[in-house]
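Geometric and topological summary
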Amino acid sequence: MTEATMPEAATPEAMTAPEAGSGAGVMARREVMSTARRESPPSMIERMTLILDAFNGPTARLTLEDVARRTRLPRSTAHRILDQLVRQRWLAHHSFGYGLGQRALGLGGQDGGHGKIREAAAPLLHELQVTTGLVAHLAVLDGADIFYLDKLGGRLATSVPSRVGGRAPAHCTALGKAMLAWLEPEQVDALLGSGISRFTSRTIGELGTLHQELHRIRQRRGLAFERGESYPGIACVAAAIRGAEGPVAGISLVGDIRAPLENVAPLVVTAAREASQILFPGSAPGSRAGRPGGRTRRAVRTGEETSWSPETMNRLLAVDGRGDWM
């Protein structure tokens with residue numbers, strides 16, 4: 001075959017041109033794939049870790065959009081992984097966002113009823129936080145400590161040194177005192193031991209003084225206050241969620257020490273009472289308090305009135321000759 005009759009595709013130029021074009025396309029595709037791999041975590045475990053890490057801040061509730069923005073994951077990917085984490089109880093899903101689940105809180109597969117408590121209180125905490133702008137807490141009593149099940153924060157959240165899954169001494173927090181008030185004195189002594197520690201100049205440091213304060217809380221229909229007892233500059237008002245056998249949890253609002261908490265105290269009492277009714281429909285909170293031999297105690301009235309007048313609040317808070325309260 002002569003050069004004049006050689007097919008065009010067989011010429012050196014015709015043979016190398018397609019290869020050069022193909023090589024450039026392959027390189028471009030490889031570069032795009034490499035960039036995509038760098039921008040997205042390569043494994044499901046890393047993506048799940050990114051999402052769980054997004055809940056480490058003071059805000060205990062994140063929307064899908066919040067998670068996607070914090071993790072820089074595609075919205076569809078974030079939603080798929082969130083659903084899996086909820087099914088495995090690492091996260092909990094409520095109508096207004098996602099929060100840490102019982103596994104993330106160190107509760108494992110069995111949470112001793114904490115999941116039901118969180119579910120019942122979640123909308124009430126949300127309403128409290130939105131209405132007042134303060135930080136709302138939900139906690140349970142665990143020995144001499146309180147264990148935080150939930151925290152909904154506003155602008156003050158970063159200044160409140162609490163976290164979901166964290167603990168604090170019960171005797172110097174309004175949440176702890178609100179729950180301790182509905183136990184027998186012997187139970188309180190057994191929980192706290194022979195002595196209690198001071199954390200600030202305002203912390204109650206003697207069991208006798210603590211019992212006096214718990215008595216005043218019962219007289220105030222279950223309202224517990226603290227100003228600077230656990231941390232300087234922090235104030236709190238709380239009330240216990242109660243069943244027929246005694247306190248099961250507590251709800252609180254936290255703010256600056258100068259905050260007029262007496263104005264929002266009725267909201268806390270109402271929220272705690274509503275949570276009690278959700279958890280224990282038809283029961284009479286406080287009718288029993290887990291006493292040996294089935295002994296009962298006449299429950300102190302917990303404010304069934306729907307309206308708390310200023311005069312009522314002043315009377316409730318005037319707990320001694322100076323009108324002082326903790």
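Residues numbered from 1 in each chain as written. Predicted model: local features only at pLDDT ≥ 70, side-chain atom pairs only at ≥ 80, totals over all residues. Heavy atoms only, no water.

Within the protein, the secondary structure is distributed over 10 helices and 8 strands. Within the protein, residue pairs in contact and separated by at least 24 positions form 59% of the contacts whose partners lie at least 6 positions apart. (Helix = DSSP H or I, 4+ residues; strand = E, 2+ residues; numbered from the N terminus. Contact = heavy atoms within 4.5 Å.)

This paragraph deals with the sheet that holds strand β3 (residues 135-142). Spatially, the 6 strands line up as an open sheet ordered β5-β4-β3-β8-β7-β6, and their pairing is antiparallel. Strands with a single pairing partner mark the edges of an open sheet, and in this sheet they are β5 (167-169) and β6 (224-227). With strand direction ignored, the average angle separating the axes of adjacent strands in the sheet is 30 degrees. With 4 bridges connecting them, β6 and strand β7 (residues 234-243) associate as antiparallel partners. Bridged to Arg227 within β7 is Ala235. Docked against the sheet, helix α9 (residues 265-279) engages β6, β7 and β8 (246-256), running at close to 25 degrees with respect to β7. (Pairing = 2+ DSSP bridges. Axes fitted to C-alpha atoms, helices over the stretch in contact; angles between N-to-C directions.)

We now examine the packing of aromatic side chains. Counted according to the given criterion, the structure contains 0 aromatic pairs. The ring of Trp182 carries Arg242 above its face, with NZ or CZ at 3.7 Å from the centroid. (Phe/Tyr/Trp six-rings, centres within 6.5 Å; stacked < 30°, edge-to-face > 60°. Lys NZ or Arg CZ within 6 Å of the ring centre and 35° of its normal.)

In terms of nonpolar packing, the biggest core is built from 61 residues, with Leu138, Ile146, Leu210, Val237, Ile251, Leu253 and Leu261 touching the most fellow members. A total of 8 residues in this core trace back to one element, the largest contributor, which is β7. Here Val237 is in contact with Ala174, Leu223, Ala224, Phe225, Ile251, Ser252, Leu253, Leu261, Val264, Ala265 and Val268, once residues within four sequence places are set aside. Formed by 16 residues, the second largest nonpolar core is a distinct cluster that contains Ile51, Phe55, Leu64 and Tyr98. (Core = buried A, V, L, I, M, F, W, Y, C linked by side-chain atoms within 4.5 Å. Buried < 20%, exposed > 50% of the residue type's maximum accessible area, 1.4 Å probe, protein only.)

Before going further, it helps to spend a moment on the confidence of the model for the protein. Overall, the prediction assigns the protein a mean pLDDT of 75, with 69% of residues at 70 or greater. Between the elements of the protein, mean pLDDT differs from a low of 48, seen in helix α1 (residues 12-39), to a high of 96, seen in helix α6 (residues 174-180). This model gives residues 315-326 a pLDDT under 50, and the stretch forms 30 contacts once residues within four places in sequence are excluded. (pLDDT = per-residue confidence, 0-100.)

According to the stated counting rule, one finds 2 cavities of 30 Å³ or more in the structure shown. Taken together, 15 residues form the lining of the largest cavity, with His137, Tyr148, Val160, Glu226 and Ser230 sitting closest to its centre. Those elements giving two or more residues to the lining of the largest cavity turn out to be β4 (145-152) and β7. Looking at the lining of the largest cavity residue by residue, the class counts come to 10 nonpolar, 4 polar and 1 charged. (1 Å grid on protein atoms, 1.4 Å probe; cavity = no way out; pocket = protein on both sides within 12 Å on 5 of 7 lines; lining within 4 Å. Points joined across faces, edges and corners; volume = space filled by probe spheres on them. Nonpolar A, V, L, I, M, F, W, Y, C, P; charged D, E, K, R; others polar.)

Take the packing of helix α3 (residues 64-71) against helix α4 (residues 75-87) next. Interhelical geometry of α3 versus α4 gives an angle of 115 degrees and a closest axis separation of 9 Å. Accordingly, the angle class assigned to the pair α3 and α4 is roughly perpendicular. The two elements α3 and α4 cross, and the hand of that crossing is right-handed. Contact residues: Leu64, Glu65, Val67 and Ala68 in α3; Arg75, Ala78, His79 and Leu82 in α4. Among the residues making up the contact of α3 with α4, the classes are represented as 5 nonpolar, 1 polar and 2 charged. (Parallel < 35°, antiparallel > 145°, perpendicular 65-115°, else oblique. Left-handed = near helix turned anticlockwise from the far one by under 90°.)

Another point: the pattern of salt bridges. The full count for this structure, using the stated rule, is 11 salt bridges. A salt bridge links Arg216 to Glu213, with the shortest nitrogen-to-oxygen separation between them at 3.1 Å. With a gap of 3 residues between them, Arg216 and Glu213 both fall in helix α8 (residues 207-219), about one helical turn apart. Residue classification places Glu213 among the buried residues on the basis of a relative accessible area of 0%. A salt bridge links Glu213 to Arg220; the nearest nitrogen and oxygen atoms lie 3.4 Å apart. Because the salt bridges share partners, they merge into one network encompassing Lys177, Glu213, Arg216, Arg220 and Glu229. (Salt bridge = Lys/Arg side-chain N within 4 Å of Asp/Glu carboxyl O.)

Moving on: the pairing of β7. With 10 of 10 residues buried, β7 is to be regarded as a mostly interior element. Where β6 hands over to β7, the hairpin turn is made up of 6 residues, of which Gly228 adopts a positive phi near 70 degrees. Inspection of the sheet shows β7 paired to β8 by 10 bridges, in the antiparallel sense. Across the sheet, residue Gly243 finds its bridge partner in β8, namely Gly246. As consecutive antiparallel partners, β7 and β8 are separated by 2 residues.

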